[in-house]
Amino acid sequence: MHLNLFTQCSPSPQFKGFWRHPRDRSATGYRDLGYWVELGRRLEAACLDALFFADVHGTYDVYQGSWRAAVRHAVQIPSVDPLLVLPAIAATTTRLGLAVTYSTTYHAPYECARVFSSLDHLTGGRVAWNIVTSYLRSASANGLGEYLDHDERYDRADEYVEVARRLWEESWDDDAVVRDAAANVFTDPDRVHEIGHEGRWFSVRGPHQCEPSPQRTPVLYQAGASGRGMTFAARHAEVVFLTMADPASGAPQVARLRSLVAAHGRDPRSVKALQGSMVMVAPTREEARRRAEEYVALWSGEGQLAKWCGWMDVDLAAYPDETPVAEIAGQGSHSFVGFLRRLGPERTWTVGDVRYLVATARRPRTNAPVTLFGTVEQVADRMEEWCEVADVDGFNLIPCPTTQGIDDICDLLVPELQRRGLFRTAYDPAERTLRERYFGAGAPVPPRVPALDPEAVAAATATGEPAAARA
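About the cut-offs
Per chain, the residues get numbers from 1 upward, laid out in the order the sequence is written. Reporting of local features is limited, given that this is a predicted model, to residues whose pLDDT is at least 70; pairs of side-chain atoms are given and counted only at 80 or more, and all residues count toward the totals for whole chains, interfaces and linings. Values reported for side chains reflect all heavy atoms of the structure, with hydrogen atoms and water molecules removed beforehand. The way it works is that DSSP assigns letters per residue, a run of H or I at least four long becomes a helix, a run of E at least two long becomes a strand, and they are numbered from the N terminus. Atoms considered for the radius of gyration are the C-alpha atoms alone. The globule rule reads 2.2 Å times the number of residues to the power 0.38. For every residue, the accessible area (1.4 Å probe, protein chains only) is compared with the maximum for its type, and the residue is labelled buried under 20%, exposed over 50%, or partly exposed between those bounds. When checking whether two residues touch, look at their non-hydrogen atoms; a contact exists if any pair is within 4.5 Å. For a helix, the expected span equals 1.5 Å multiplied by the residue count minus one. This arc is taken over the directions from the axis of the helix to the C-beta atoms. Two strands are counted as paired when DSSP detects at least two bridges linking them. Only the six-membered ring of Trp is used, alongside the rings of Phe and Tyr, when aromatic pairs are assigned; centres must lie within 6.5 Å, and planes under 30 degrees apart are stacked while those over 60 apart are edge-to-face, with the rest tilted. Geometrically, a lysine NZ or arginine CZ counts as sitting over a ring once it is within 6 Å of the ring centre and also within 35 degrees of the ring normal. Here, a salt bridge means any Lys or Arg side-chain nitrogen found within 4 Å of an Asp or Glu carboxyl oxygen. To obtain each axis, a line is fitted to C-alpha atoms, and for helices this fit is confined to the stretch in contact; angles are then taken between N-to-C directions over 0 to 180 degrees. Any angle that falls under 35 degrees is termed roughly parallel, while one over 145 is termed roughly antiparallel, one within 65 to 115 roughly perpendicular, and all others oblique. Working rule for handedness: look at the near helix, and if it is turned counterclockwise from the far one by less than a right angle, call the crossing left-handed; if clockwise, right-handed. The classification used treats Ala, Val, Leu, Ile, Met, Phe, Trp, Tyr, Cys and Pro as nonpolar, Asp, Glu, Lys and Arg as charged, and all other residues, Gly among them, as polar.

Peer 1: Give a description of the overall build of the protein that names residues and reports values.
Peer 2: Looking only at helices and strands, the protein has 18 helices and 13 strands in total. Relative to the 2.2 N^0.38 estimate, which gives 23 Å for 471 residues, the radius of gyration of the protein is 22 Å and therefore close to what a compact globule would have. C-alpha atoms of the protein, sized along the principal axes, occupy 70 × 50 × 45 Å. For the protein, the proportion of its 471 residues judged to be buried stands at 58%. Contacts in the protein between residues at least 24 apart in sequence constitute 75% of all its contacts with a sequence separation of at least 6.

Peer 1: Give a description of helix α8 (residues 227–236) that names residues and reports values.
Peer 2: Along α8, 9 of the 10 residues are buried, which leaves the element largely enclosed by surrounding structure. Among all positions in α8, only R228, G229, M230, T231, F232, A233, A234, R235 and H236 are buried.

Peer 1: Any chance you could break down helix α5 (residues 109–123) for me, citing the residues and the numbers?
Peer 2: For α5, with 15 residues, the first-to-last C-alpha span of 21 Å sits near the 21 Å given by 1.5 Å per residue. Taken together, the buried positions of α5 are P109, C112, A113, F116, S117, L119, D120 and T123. Along α5, the residues classed as buried sweep out an arc of 165 degrees about the axis, all on the same side. The inward-facing, buried residues of α5 contact α4 (86–91), β3 (97–103), β4 (127–132) and α7 (150–170). Backbone geometry just downstream of α5 places G124 in the positive-phi region, at approximately 70 degrees.

Peer 1: If you had to explain the pairing of strand β13 (residues 394–399) to someone new, which residues and values would you point to?
Peer 2: The buried fraction of β13 amounts to 6 of the 6 residues, a majority that puts the element mostly inside the structure. Neither face of β13 is exposed, since G394, N396 and I398 on one face and F395, L397 and P399 on the opposite face are all buried. For strand β1 (residues 2–8) and β13, the ladder comprises 4 bridges, and the chain directions are parallel. Looking at β13, one finds that L5 is bridged to L397.

Peer 1: Please provide a residue-by-residue account of the packing of aromatic side chains, values included.
Peer 2: For the coordinates displayed, the defined rule picks out 18 aromatic pairs. On the basis of an interplanar angle of 90 degrees and a centroid distance of 5.1 Å, the ring pair of Y221 and F241 is categorised as edge-to-face. Taken together, the positions of Y221 in strand β9 (residues 219–222) and F241 in strand β10 (residues 239–242) put the pair 20 residues apart, joining distant regions of the chain. Here Y221 falls in the buried class, since its relative accessible area comes to 0%. The exposure class assigned to F241 is buried, which follows from its relative accessible area of 6%. Above the face of the Y147 ring, R137 is positioned so that its terminal group lies 4.1 Å from the ring centre.

Peer 1: Quick one: what's the story with the pattern of salt bridges, residue by residue and with numbers?
Peer 2: For the structure on display, the rule yields 39 salt bridges. For E169, the salt bridge is made with R448, and the minimal N-O distance between the two is 2.8 Å. Residue E169 is found in helix α7, and its partner R448 is found in the loop between α16 (434–439) and α17 (454–460); the two are separated by 279 residues along the sequence. Of the residues examined, R448 reaches a relative accessible area of 30% and is grouped as partly exposed. E194 is paired through a salt bridge with R205; the nearest N and O atoms lie 3.8 Å apart. With E194 in the loop between β6 (185–187) and β7 (197–198) and R205 in the loop between β8 (203–204) and β9, this pair connects stretches of sequence that are 11 residues apart. For E194, a relative accessible area of 52% puts it in the exposed group. Through salt bridges with shared partners, a single network forms among E162, R165, R166, E169, E170 and R448.

Peer 1: Would you mind going over the pairing of β1 in detail, with residue names and values included?
Peer 2: The buried count for β1 comes to 7 of 7 residues, which makes it a mostly enclosed element. The alternating pattern of β1 places H2, N4, F6 and Q8 on one face and L3, L5 and T7 on the opposite face, and all of these are buried.

Peer 1: I'd like to hear about the environment of A99, residue by residue, with values.
Peer 2: For A99, the position within the fold is in strand β3. For the pair A99 and V127, spaced 28 residues apart in sequence, the C-alpha separation works out to 5.6 Å. Not counting residues up to four positions away in its chain, the partners in contact with A99 are L51, F52, F53, A128 and Y221.

Peer 1: Summarise the environment of A263; cite the residues concerned and give the values.
Peer 2: Along the chain, the position of A263 falls in helix α9 (residues 247–263). Along the backbone, A263 and Y319 are 56 residues apart, and their C-alpha atoms lie at a distance of 41 Å.

Peer 1: Before we move on, can you summarise the environment of C400 with the specific residues and values?
Peer 2: Counting through the fold element by element, C400 comes out in the loop between β13 and α15 (402–419). Distance from C400 to A176, taken between C-alpha atoms, is 48 Å for residues 224 residues apart in sequence. Beyond its immediate stretch of four places on either side in the chain, C400 contacts F15, F18, M278, V279, M280, Y295 and G405.

Peer 1: Could you give an account of the packing of helix α14 (residues 376–390) against α15, naming the residues involved and the relevant values?
Peer 2: α15 packs onto α14 with a crossing angle of 55 degrees between their chain directions and a minimal axis gap of 10 Å. By the angle between their axes, α14 is oblique relative to α15. Between α14 and α15 lies a crossing whose hand is right-handed. Contact residues: V376, E377, V379, A380 and M383 in α14; L412, L413, E416 and L417 in α15. For the contact of α14 with α15, a count of residues per class yields 7 nonpolar, no polar and 2 charged.

Peer 1: Break down the packing of α9 against α14 for me, citing the residues and quoting the values.
Peer 2: Think of two packed helices as two axes; the pair is described by the angle between the axes and how far apart they sit. Two elements in contact, α9 and α14, have axes separated by 8 Å at closest approach and are oriented at 40 degrees. Taken together, the axes of α9 and α14 are oblique relative to one another. Of the two elements, α9 crosses α14, and the hand of that crossing is right-handed. Residues P247, A248, G250, A251 and V254 of α9 form the contact with α14, whose own contacting residues are R382, E385, W386, V389 and A390. Residue composition of the contact of α9 with α14, grouped by class: 7 nonpolar, 1 polar and 2 charged.

Laid out in structure tokens, this is it:
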């Protein structure tokens, strides 16, 4: 299986209040290069695929119409830019992949192409781009760009990725850099080309400013869970992050993704599906119970509400408890509403339900939705079940609490998975780039594919089975 470690350049990623844990180092480490360098070495020693950096633009100011709760509970604020951390980790590791989030909403694609070519050069071909469409209205209030509705953000992102890939893949020939000292020619201009893109959103002449990097195009990650996000992923992504409640209910979602991939003319197995899961693993049942109690004690309900309201683009504090969530769904992240539907398909979720679900700390259980909790044997069993039942290719692991969770993943969980033959014990020397780690030595950049019309998308997902299986 493939294993990534999820993090953010902010205190206690994902779990609000856990910066108070006595062993936590993220509360100050997020702004310390030494912290990130040490983490990179730690994960490389455990042979993980990649360290994955999530990121956000703006502040979470939807809850109670203010950013005060987000600031109070360190909801991705304060934070630093993860792009600047990657070269330091790359300089002290040789094999660990480095994946970073970069928004298609508030950056120019020409700038994006240069950033990722630079990172791919500096990492020796180990970088991945997590493609996101930004959803916080506060980013627009801070002058980053116009706020766009959900589907329109994806329309823009389709063209954005097309521009970036043309810059990476069409602008420079492989042999453009000749370094001919006798002729005083560093690069042959006849082998460098403009792309001449003219579209709805962008006008980009080219040429690209960077020579081809080891991967040319970074590995393309995506995590959209809405219908539009899944279609985008099926067209562009090589690695897709999913957040599914359990293996049985997750299996149809993975099948729909693979069906959409096939409908775009791609091999359904050319996309790796990774389940995003909180991990709290302990050496014994007694220690697992102690950590579950600790989890409840450290939980910050108000901080979690600030985060989820930002994701939903809905202020849950502004509505009566009995209000159905479906009636007030905003234009933010559609992932949470979809998650609720999968968590309770027959249930009419209300604002009160969601407030309780988000803000109330509950002891983790070994079979809890999204969570990998328990002894190392129990967690490894659950991971095997996910791979066998849901057909996922691996996991985006979210350690809880941060520092202790990372240690437990490296020292307890990885050795158990290795003992079972489920995870590598060493990196394959033939797989020099991150793309090769996912798809084998010599794996090419995937071809660009055209968009499907809405009717073709609907037909591709009608049965819930991969198109290849239906054929």
